[in-house]
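Topology and contacts: notes
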Amino acid sequence: MNASIAVQVLPMYPDQKKVLEVVDAVIAYIQSTGVNYEVSAFETTMEGDYDQLMAILKQIPVVTAKAGGTSQMVYAKINYFPEDTGLTIADKVDKFKH
């Protein structure tokens, strides 16, 4: 594991059902890739190989379009550590789970 990426998809629709459909499609896509991920209230964080994560990230706007999305913003935060020395999702958040 040499990277983590947090991605936030913001569909621009007043219809909350439509928003959830698009976001759920993105999460289902991430889940289908087999990478380690965690969903939170505002973003989904993935961790693994940098090139694999970037390929997944590249597909997310396509996934939103296939889910019927026509207007959404996709924001990403990328943490790359070339020597496999980064903190994992578990390192960062497990101590706060209840």
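All of these numbers come straight from a predicted model, not from anything done at the bench. (Residues numbered from 1 in each chain as written. Predicted model: local features only at pLDDT ≥ 70, side-chain atom pairs only at ≥ 80, totals over all residues. Heavy atoms only, no water.)

**Side note on the overall build of the protein chain**
Formally: Helix and strand definitions here come from DSSP, where helices need a minimum of 4 consecutive H or I residues and strands a minimum of 2 consecutive E residues; each element is numbered from the N-terminal end. Using C-alpha atoms as the atom set, the radius of gyration is obtained and then compared with a globule rule of 2.2 Å times the number of residues to the power 0.38.
Looking only at helices and strands, the protein chain has three helices and four strands in total. Along the protein chain, helices (α) and strands (β) appear in the sequence β-α-β-β-α-β-α when read from the amino end. For a compact globule of 98 residues, the expected C-alpha radius of gyration is about 13 Å, and the protein chain comes in at 14 Å, within 12% of that figure. With the principal axes as the frame, the protein chain shows a C-alpha extent of 40 × 35 × 20 Å.

**Concerning the sheet that holds strand S1 (residues 3-11)**
Note the threshold: Only when DSSP finds a minimum of two bridges between them are two strands counted as paired. The convention used is that axes are lines fitted to C-alpha atoms, helices contributing only their stretch in contact, and that angles between N-to-C directions extend from 0 to 180 degrees. Only heavy atoms enter the contact rule, under which two residues are in contact if any of them lie within 4.5 Å.
Read across the sheet, four strands follow the order S2-S3-S1-S4 without closing on themselves; strand pairing throughout is antiparallel. Strands with a single pairing partner mark the edges of an open sheet, and in this sheet they are strand S2 (36-39) and strand S4 (72-80). The average angle at which neighbouring strand axes cross in this sheet is 15 degrees, direction not considered. In the packing of helix H1 (residues 16-33) onto the sheet, the strands contacted are S1, S2, strand S3 (44-48) and S4, and the crossing angle to S1 comes to about 160 degrees. Where helix H2 (residues 50-66) meets the sheet, its contacts fall on S1, S3 and S4, and the angle it forms with S1 comes to roughly 5 degrees.

**Focus on the pairing of S2**
Examined bridge by bridge, S2 and S3 share four bridges and lie antiparallel to one another. When the sheet's bridge partners are listed, Glu-38 is paired in S3 with Thr-45. Linking S2 back to S3 in an antiparallel pair, the connection comprises four residues.

**Let's talk about the UniProt feature "domain: Thiamine-binding protein" (unreviewed entry) in the protein chain**
Put simply, the rule reads: UniProt positions are given in the numbering used here, feature names are shortened, and annotations may be inferred rather than shown by experiment.
Mapped onto this numbering, the UniProt entry gives "domain: Thiamine-binding protein" (unreviewed entry) at residues 6-96. Regarding residues 6-96, the helix share stands at 44% and the strand share at 26%, and the terminal C-alpha atoms are separated by 18 Å.

**Section: the pattern of salt bridges**
The cut-off we apply is this: A carboxyl oxygen of Asp or Glu within 4 Å of a side-chain nitrogen of Lys or Arg is what we treat as a salt bridge. Think of it in three bands: with a 1.4 Å probe and only protein chains considered, a residue is buried below 20% of the maximum accessible area for its type, exposed above 50%, and partly exposed in between.
Counted under the stated rule, the structure contains three salt bridges. Here Glu-38 makes a salt bridge to Lys-97, at a shortest N to O gap of 3.3 Å. Highlighted residues: Glu-38 in strand S2 and Lys-97 in the segment after helix H3 (89-93), separated in sequence by 59 residues. What makes Glu-38 partly exposed here is its relative accessible area of 26%. Between Glu-43 and Lys-77 there is a salt bridge, with its nearest N and O atoms 3.1 Å apart. With Glu-43 in the loop between S2 and S3 and Lys-77 in strand S4, the pair connects residues that are 34 residues apart, well separated along the chain. Overlapping salt bridges bring together Glu-38, Asp-94 and Lys-97 as one network.

**Quick look at the side chain of Thr-44**
Positionally, Thr-44 belongs in strand S3. With near-sequence residues (within four places) excluded, Thr-44 lies in contact with Ile-5, Ala-6, Val-7, Ile-27, Ile-30, Tyr-37, Glu-38 and Val-39.

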